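Architecture and fold: a report
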Amino acid sequence: MLMMPKIERGHLTIDEQEALFRKGLKDELARATAHFTAPIAAEQPHAGTHKIMEAAYRIVARVPHDAAVIDLETFEAEVDDSWTENEILLLWKTLHMLVTPMSISRTEALEAVGDLGGPLNDGTAKEARAQLLRGHAEAHRRASLIDSDEVRSSGRGIVALLDDDIIGRAWSAQSKPGKPDDCAGEAVRPDAPSMTEPVQDSIYAFPSDLRFSEVMKDVLAELMEEKGWEKDNGQREAVCERAAWICGDKRLKDWSAADAKYFAKTVARFPNKFSWGKLNKSGAMAVPFCEDAIPSNKGMKRSPRTINRDLSILQNVSKRLAKTHWRLKYGDRLEVDFLEYTIRVEDDPENPDRMPWTPDHLKTLYSLPLWQGGGGSIERLKPSGRPMVYMDAAYWLPLIATYTGICREEGSGLEIDDFNFACEVPYLVVKKNSLRRLKTMARARVMPLHPQLLELGLQRYVEAIAKEQGHQVGTCTPIFPELWCKEAKYRGDGKKVPAIGGRRFYAIAWRYAADATHGVMPLPETSDGKKADFHSQRTYNQSVLAAPDVAEKILAMHMGHARKGTGSKKYDRRSLALGEVKELRERLDIMVREMPNVTSHIPRQDRVNLLHLRKRSRVGSAPGRDAQRKFCQ
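Now for a quick tour of the structure. (Residues numbered from 1 in each chain as written. Predicted model: local features only at pLDDT ≥ 70, side-chain atom pairs only at ≥ 80, totals over all residues. Heavy atoms only, no water.)

1. Some details on the overall build of the chain
Across its full length, the chain holds 24 helices and three strands. Counting all 633 residues of the chain, 44% fall into the buried class. Relative to all contacts within the chain whose residues are 6 or more apart in sequence, the contacts with residues 24 or more apart total 71%. Carbon and sulfur atoms provide 52% of the accessible area of the chain, an area that totals close to 33200 Å². (Helix = DSSP H or I, 4+ residues; strand = E, 2+ residues; numbered from the N terminus. Buried < 20%, exposed > 50% of the residue type's maximum accessible area, 1.4 Å probe, protein only. Contact = heavy atoms within 4.5 Å. Areas by Shrake-Rupley, 256 points an atom, 1.4 Å probe, with all protein chains shown as cover.)

See below:
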């Protein structure tokens, strides 16, 4: 007979959590109210002492019972701007001498679970210890109210501190606003609850009336500092604004797991080209959200990867808020869990989410007047009686991407020192710099330069920019200065151009070139109508290099993908063992062998023609096209 092993749950039920919390509250309340007959501090006011003890217990509840030290991040999560230096010092001393991780041991926690008849294991011991310690913290929070009118008028003395209704009224009374004169000129939200009403029961330890939109900027700033995030041109803030708008920008205490689910399901209904605007200021988000106003997304569905990216950003915000406004009264789980609703993404070879460029489409692209010879600024895609070829980001960035597979932001942020032509195998280096970050560490790589790039005059162009910009070795000088410098921030008519880097390149150059190509040969598109874009050049590179005899590690090095397996990550150091020149030569030979030559028809230039910085890369639409208003139509 087959015996099935008995599976024991490793967590506490809600009833068990509440019972343990109450036990911790009662056990500590007697000590916390000892000052009612004998003061527990001579110099520190009783309320101040309770504040420190409450914080100390909350801190040790978040570390293991056998922790030797308490890290600074855990300590600082409990301390905000309202704490004085003296209070912070006393809290630190309390954690060293009075309240320690062993204030509730693992054995004590298991005994408490056993008294309730619960399962005895590591999981329940950890949860039980945390609930007992949170009960201790709550005891000191309530002890500070012992002299309140609500507690004294109850006639129940210390026992009144166990009554949630009395405590709720006491906190509400303490939170009443001052005299009307003190609040003159302040706007009062019509939906704000009356401060004379009892505090509604909340799942959060510190219910907050602040709106999500009121805290998101500060939270993002804290996360940038803590996690070392780079600036992202407002993308994270925009995602937070969407969450606030879709979920009604409720008070933080009113958010729950249902809001994460609602946001994930609702944002997926919007078309991928939807113009959001700014929360309460402009565009669609200038007015309250209404489901009926969501436009159709037929043929324009948002990518699951984009939705997952938004959920990932919001998850970081939620985790940060879980240390303050969204800290649960019971348990350690994350209440507003956005990642619970991420979409599983599986690549379907028959229905890819991005189509690659084809060799024929690339040949069509490079047959445009921009590369063959056309007019000047904003006339680059039009034939001219005196055709000229000008070199800048519009000319070189697509070419570099075609033969290296770099993405738009990587290419836009290349600098003079990233290129080395004075060697056996000329190469460029993709690395993080002051212009832009890299998506992952694996994206830092060395790329051999395809002979076609050299024949087209890449070295002469880089040297010309270095001379023009007065480049000094070791300084960051972009090879496409028009995408970064302030001088090129405005067009000739005084109007601003968008942002910087890759976004500026797309706005002033790429969309016009792609639209012109589409006018000659319709671009490849996915089943939902998404046309090949600049990033499709990476897909093209991976496709043409994925020959049966090309090793996976070679392809990963070319694309900047993380390599799989411990062996390839830690022990495969071919360039160190055999020399970088040999390794670069091997990769270059594969590139030349496998990559179609799509640029042989581009005329070679005897000199580098540069437009004025303000006019560079301003391409303009092709004849009969209007890329700005009717892109690829």
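2. Topic: the sheet that holds strand β1 (residues 419-420)
Read across the open sheet, the three strands follow the order β1-β2-β3; overall the sheet is antiparallel. The sheet terminates laterally at β1 and β3 (445-448), the two strands that pair on one side only. Bridging between β1 and strand β2 (residues 427-430) involves two bridges; their strand directions are antiparallel. Among the inter-strand pairings, F419 is bridged to a residue of β2, identified as L428. (Pairing = 2+ DSSP bridges.)

3. Examining the environment of I307
For I307, the position within the fold is in helix α12 (residues 304-321). For I307, a relative accessible area of 4% translates into the label buried. Residues I307 and V239, 68 residues apart in the sequence, show an inter-C-alpha distance of 10.0 Å.

4. Section: the side chain of S412
Summarising the element assignment, S412 is placed in helix α16 (residues 408-412). Given the relative accessible area of 0%, S412 is considered buried. If sequence neighbours within four positions are ignored, S412 has contacts with L397, F480, L483, W484, G501, G502 and F505.

5. A short note on the packing of aromatic side chains
The description of two aromatic rings rests on the distance between their centres and on the angle between their planes. Under the criterion given, the structure shown has 21 aromatic pairs. Consider the rings of F270 and W276, whose centres lie 4.6 Å apart with planes at 40°: the pair is tilted. Owing to a relative accessible area of 1%, F270 belongs among the buried residues under this scheme. Overall, the relative accessible area of 7% leaves W276 in the buried class. Relative to F289, the ring of F270 lies with its centre 6.3 Å away and its plane at 40°, an arrangement referred to as tilted. In this pair, F270 sits in the loop between α11 (257-267) and α12 while F289 sits in the loop between α11 and α12, placing the two residues 19 residues apart along the sequence. For the residue pair F270 and F289, the accessibility class agrees, reading buried in each case. Feature note: the residues Y366, W371, Y395, W396, Y461 and F480 constitute an aromatic cluster, connected by ring pairs. The ring of W83 carries K51 above its face, with NZ or CZ at 4.6 Å from the centroid. Residue placement shows K250 over the ring face of W255; its charged tip is 5.9 Å from the ring centre. (Phe/Tyr/Trp six-rings, centres within 6.5 Å; stacked < 30°, edge-to-face > 60°. Lys NZ or Arg CZ within 6 Å of the ring centre and 35° of its normal.)

6. Details of unusual backbone geometry
Both trends apply: most residues other than glycine have a negative phi, and most peptide bonds are in trans. Not every positive phi belongs to a glycine, and N280 is a case in point at roughly 65°. Among the secondary structure elements, N280 is positioned in the loop between α11 and α12. A positive phi angle, close to 60°, is found at I378, a residue other than glycine. Tracing the chain through its elements places I378 in the loop between α14 (369-372) and α15 (393-404).

7. Thoughts on the packing of helix α9 (residues 212-227) against helix α10 (residues 235-246)
Where α9 meets α10, the closest approach of the two axes is 10 Å, and the angle between their N-to-C directions is 150°. Classified by the interaxial angle, the pair formed by α9 and α10 is roughly antiparallel. Taken as a pair, α9 and α10 cross one another with a handedness that is right-handed. Residues F212, S213, M216, K217, L220 and M224 of α9 pack against R236, E237, C240, E241, A243 and A244 of α10. (Axes fitted to C-alpha atoms, helices over the stretch in contact; angles between N-to-C directions. Parallel < 35°, antiparallel > 145°, perpendicular 65-115°, else oblique. Left-handed = near helix turned anticlockwise from the far one by under 90°.)

8. As for the pairing of β2
Burial along β2 is one-sided: L428 and V430 are buried, while Y427 and V429, pointing the other way, are not. What sits between β1 and β2 in their antiparallel hairpin is a turn of six residues. As defined by bridge partners, β2 adjoins β3 across four bridges and the pair is classed as antiparallel. Looking at the pairing, Y427 lines up with P448 of β3.

9. Considerations on the pattern of salt bridges
All told, the structure shown has 37 salt bridges when counted by the stated rule. One salt bridge connects E525 with K531, and the closest N-O pair in it is separated by 3.4 Å. When salt bridges that share partners are traced, they join D209, R251, K253 and D254 into one network. (Salt bridge = Lys/Arg side-chain N within 4 Å of Asp/Glu carboxyl O.)

10. Things to note about α15
Across its twelve residues, α15 extends 15 Å between first and last C-alpha, which sits within 8% of the 16 Å expected from 1.5 Å per residue. Most of α15 is tucked away: twelve of the twelve residues are buried. By the N-cap criterion, in which a side-chain oxygen at the helix start approaches the backbone nitrogen of a residue two or three places on, α15 is capped by D392, the distance to A394 being 3.2 Å. Looking at the residues trailing α15, positive phi occurs at G405, about 80°. (Expected span 1.5 Å × (residues − 1). Polar contact = N/O pair within 3.5 Å; in protein donor to acceptor, adjacent residues only side chain to side chain.)

11. Here's the deal with the nonpolar core
It is characteristic of soluble globular proteins that their nonpolar side chains tend to be buried jointly. With 71 residues, the main nonpolar core has W371, Y395 and W396 as its most contacted residues. Contact partners of Y395, with chain neighbours within four places excluded, come to L370, W371, R380, V389, Y390, L456 and I602. Ranked by size, the runner-up nonpolar core spans 37 residues in total, among them A260, F289, L321 and W326. (Core = buried A, V, L, I, M, F, W, Y, C linked by side-chain atoms within 4.5 Å.)

12. A word on the packing of α9 against α12
At their nearest, the axes of α9 and α12 sit 10 Å apart, and the two run at 95° to each other. Regarding the angle of α9 to α12, the classification is roughly perpendicular. In this structure, α9 contributes F212, V215, V219, L220, E222, L223, E226 and K227 to the contact, and α12 contributes L314, N316, V317, R320 and L321. Per-class residue counts for the contact of α9 with α12 are eight nonpolar, one polar and four charged. (Nonpolar A, V, L, I, M, F, W, Y, C, P; charged D, E, K, R; others polar.)

13. What about helix α19 (residues 501-520)?
In an α-helix, one full turn covers 3.6 residues, which means residues spaced three or four apart are oriented alike. Its 20 residues place the ends of α19 28 Å apart at the C-alpha level, agreeing with the 28 Å of an ideal helix rising 1.5 Å per residue. A507 marks where α19 bends most, by close to 50°. Taken across its 20 residues, α19 has 16 buried, putting it largely inside the fold. (Bend = angle between axes of the 7 residues up to and from the residue.)

14. Details of the side chain of N609
Inspection of the secondary structure puts N609 in the segment after α24 (580-594). A polar contact of 3.2 Å, which involves the side chain of N609, links it to the backbone oxygen of V389. There is a polar contact of 3.0 Å between the side chain of N609 and the side chain of R607.

Shape descriptors only; they carry no functional weight alone.
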